[in-house]
Amino acid sequence: MILYSTNNKDLRVSFQEAVFNSLPEDKGLYMPVHIPTLDPLFIQNIQQYNLQEIALTVAHALIGDDIPQEDLKKIIDEAINFDAPVKLLDPQTAVLELFHGPSYAFKDFGARFMSRVMGYFSKQGEQLLDVLVATSGDTGGAVALGFLGVAGTRVTILYPKGKVSKVQEEQLTTNGQNIRALEVDGTFDDCQALVKEAFGDAELNGKLRLTSANSINIARLIPQTFYYFWAYAQLKTQGIDQVVFTVPSGNFGNIGAGLLAYKMGLPVKHFVAGTNVNDTVPRFLTSGTYSPKSSVQTLSNAMDVGNPSNWVRIQDLFHHNLDALKAMVTSYTYTDRATQEGMDELYEKYKYVACPHTAIAYLAAEAYRKDNPGAYASVFLSTAHACKFPDAIDADIFEKVDWPAGAEKLAEKEKQAAALSTDFAAFKAYLLTNL
Ligand SMILES: *Cc1c(COP(=O)(O)O)cnc(C)c1O
């Protein structure tokens, strides 16, 4: 796999380089120079394969020989060791559940695959790889549980004190081993600023081998294509082959992976992006002008992004042709009040308890269906388990949450987190003294 930077079409880096750098120096994003098309026979017969087999075919087509098939298979079997079932709510509406991994959110796909790819490329005897990550909730849990026990790696997670949910905090702080949590007396932006400053600090970079587990890492994008193929395979078993996917979107990595799958030959009729009031992309699709703004806090807080970093990847996939993009992607925006109504409606209509992000996808799927009736399956993506968002869900509905088996055990574990101010010198001292 050879990659270029969206800011420099002539740059060429290897997959390994792109994984460890996360971002090119020019602050663009890495994209594959060549997007492979899968064998049409594979797509035609895709219902014969399971998720791991599909993942191996897709990953091998993208990555090529940078990781030999046998090693890639091992990485996938370890990383993608949970299902992503499509559940039909009615004959034309389905939900693709992406929360059956250890952190109960779809970010497990990206984080688990990336952690193992980094472990694979970290040669024996090499300096410990220090992963720094700031989280508003979901990313940190997926990264912590993804890297837990991966040899040659250590993860430091910064999270804003009192601003993550109970399950989220437990997932961040009860791991031990090679995972450590820092509870920052500040906001998510403060956490992010500390991590950013660490990456720019010469002394830290001299003493530690720092890397980011950023959502824009190419090794997080690739595994997110797997479940689009797998959802299609499951629907094909039911005789359905016309599919519209609706994706709750923040940084637009998830839907970006779906569009990459489409470019690789997955027959998708259309993509719909649902956003909360952080509506930079919906405004762009209407006006043709990209004008990012500061993020606003909402109930669907994992989507509170004012300047979606993956958007440029999608632009590149469509060669910056707005009409071509609009022919394939539609978007809708929802307020918190609408989001709550969406959660209520899902429960009333289908007895389905959804997290606020999932509810936005549901609403956008319904809006698209209303605007574009037809014989297709409308599949909306459920990106997190409802149990992670107690404060965003109506108490009567939250009572009906079907708790995952591991969640109770989490609560019994001891919290281990070091308290930190927003002062960079203190963070730096922590990193240099806790080696
Ligand atoms: C991260 C996240 C999203 C947004 O995904 P993007 O790839 O950033 O668009 C949506 N829902 C949940 C639950 C998330 O954790």
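Refer to the structure above for everything that follows.
Residues numbered from 1 in each chain as written. Predicted model: local features only at pLDDT ≥ 70, side-chain atom pairs only at ≥ 80, totals over all residues. Heavy atoms only, no water.

Engineer: Could you clarify how one ought to interpret helix H11 (residues 223-237) in this entry?
Structural biologist: An α-helical turn contains 3.6 residues, so a residue and the one three or four places further along point in the same direction. Its 15 residues place the ends of H11 22 Å apart at the C-alpha level, agreeing with the 21 Å of an ideal helix rising 1.5 Å per residue. Extensive coverage of H11 is indicated by the burial of 13 of its 15 residues. (Helix = DSSP H or I, 4+ residues; strand = E, 2+ residues; numbered from the N terminus. Expected span 1.5 Å × (residues − 1). Buried < 20%, exposed > 50% of the residue type's maximum accessible area, 1.4 Å probe, protein only.)

Engineer: Looking at this structure, how should I read the packing of helix H6 (residues 138-147) against helix H7 (residues 166-173)?
Structural biologist: Between two packed helices, the angle of one axis relative to the other and the distance separating the axes together describe the packing. With their axes 8 Å apart at the nearest point, H6 and H7 run at an angle of 35 degrees to one another. Between H6 and H7 lies a crossing whose hand is left-handed. For the pair formed by H6 and H7, the contact residues are Asp138, Gly140, Gly141, Ala144 and Leu145 on the first element and Gln168, Gln171 and Leu172 on the second. Its residues assigned to classes, the contact of H6 with H7 shows 3 nonpolar, 4 polar and 1 charged. (Axes fitted to C-alpha atoms, helices over the stretch in contact; angles between N-to-C directions. Left-handed = near helix turned anticlockwise from the far one by under 90°. Contact = heavy atoms within 4.5 Å. Nonpolar A, V, L, I, M, F, W, Y, C, P; charged D, E, K, R; others polar.)

Engineer: What is the right way to look at the pattern of salt bridges in this model?
Structural biologist: For side chains bearing opposite charge, pairing can occur when the charged atoms are close. Considering all chains together, one arrives at 16 salt bridges under this definition. In this structure, the salt-bridge partner of glutamate 78 is arginine 116, at a minimum N-O distance of 3.1 Å. Of this pair, glutamate 78 sits in helix H4 (residues 69-79) while arginine 116 sits in helix H5 (residues 107-121), and the two are 38 residues apart along the sequence. Here arginine 116 falls in the buried class, since its relative accessible area comes to 13%. Salt-bridge contacts for aspartate 279 lead to lysine 293; the nearest nitrogen and oxygen are separated by 3.2 Å. (Salt bridge = Lys/Arg side-chain N within 4 Å of Asp/Glu carboxyl O.)

Engineer: Any chance you could explain empty space enclosed by the protein here in plain terms?
Structural biologist: Here the idea is plain: a probe the size of a water molecule rolls over the atoms and shows the empty space left. As enumerated under the stated definition, the model contains 1 cavity of 30 Å³ or more in all. A volume near 30 Å³ is recorded for the largest cavity. Mapped onto the lining of the largest cavity, the elements with two or more residues apiece are helix H12 (253-263) and helix H14 (311-317). The biggest single contributor to the lining of the largest cavity is H14, with 3 residues. (1 Å grid on protein atoms, 1.4 Å probe; cavity = no way out; pocket = protein on both sides within 12 Å on 5 of 7 lines; lining within 4 Å. Points joined across faces, edges and corners; volume = space filled by probe spheres on them.)

Engineer: For this particular structure, what's the right way to read the sheet that holds strand S11 (residues 270-275)?
Structural biologist: Within a sheet, each strand pairs with its neighbour through backbone hydrogen bonds, oriented either parallel or antiparallel. On the basis of which strands lie adjacent, the open sheet formed by 6 strands has the order S4-S5-S13-S10-S11-S12 and mixed pairing. If you trace the sheet from one side to the other, it starts and ends with strand S4 (86-90) and strand S12 (329-333), each paired once. Shown here is a sheet whose adjacent strand axes are inclined to one another by a mean of 25 degrees, direction ignored. The sheet contact formed by strand S10 (residues 243-248) and S11 spans 5 bridges and is parallel. (Pairing = 2+ DSSP bridges.)

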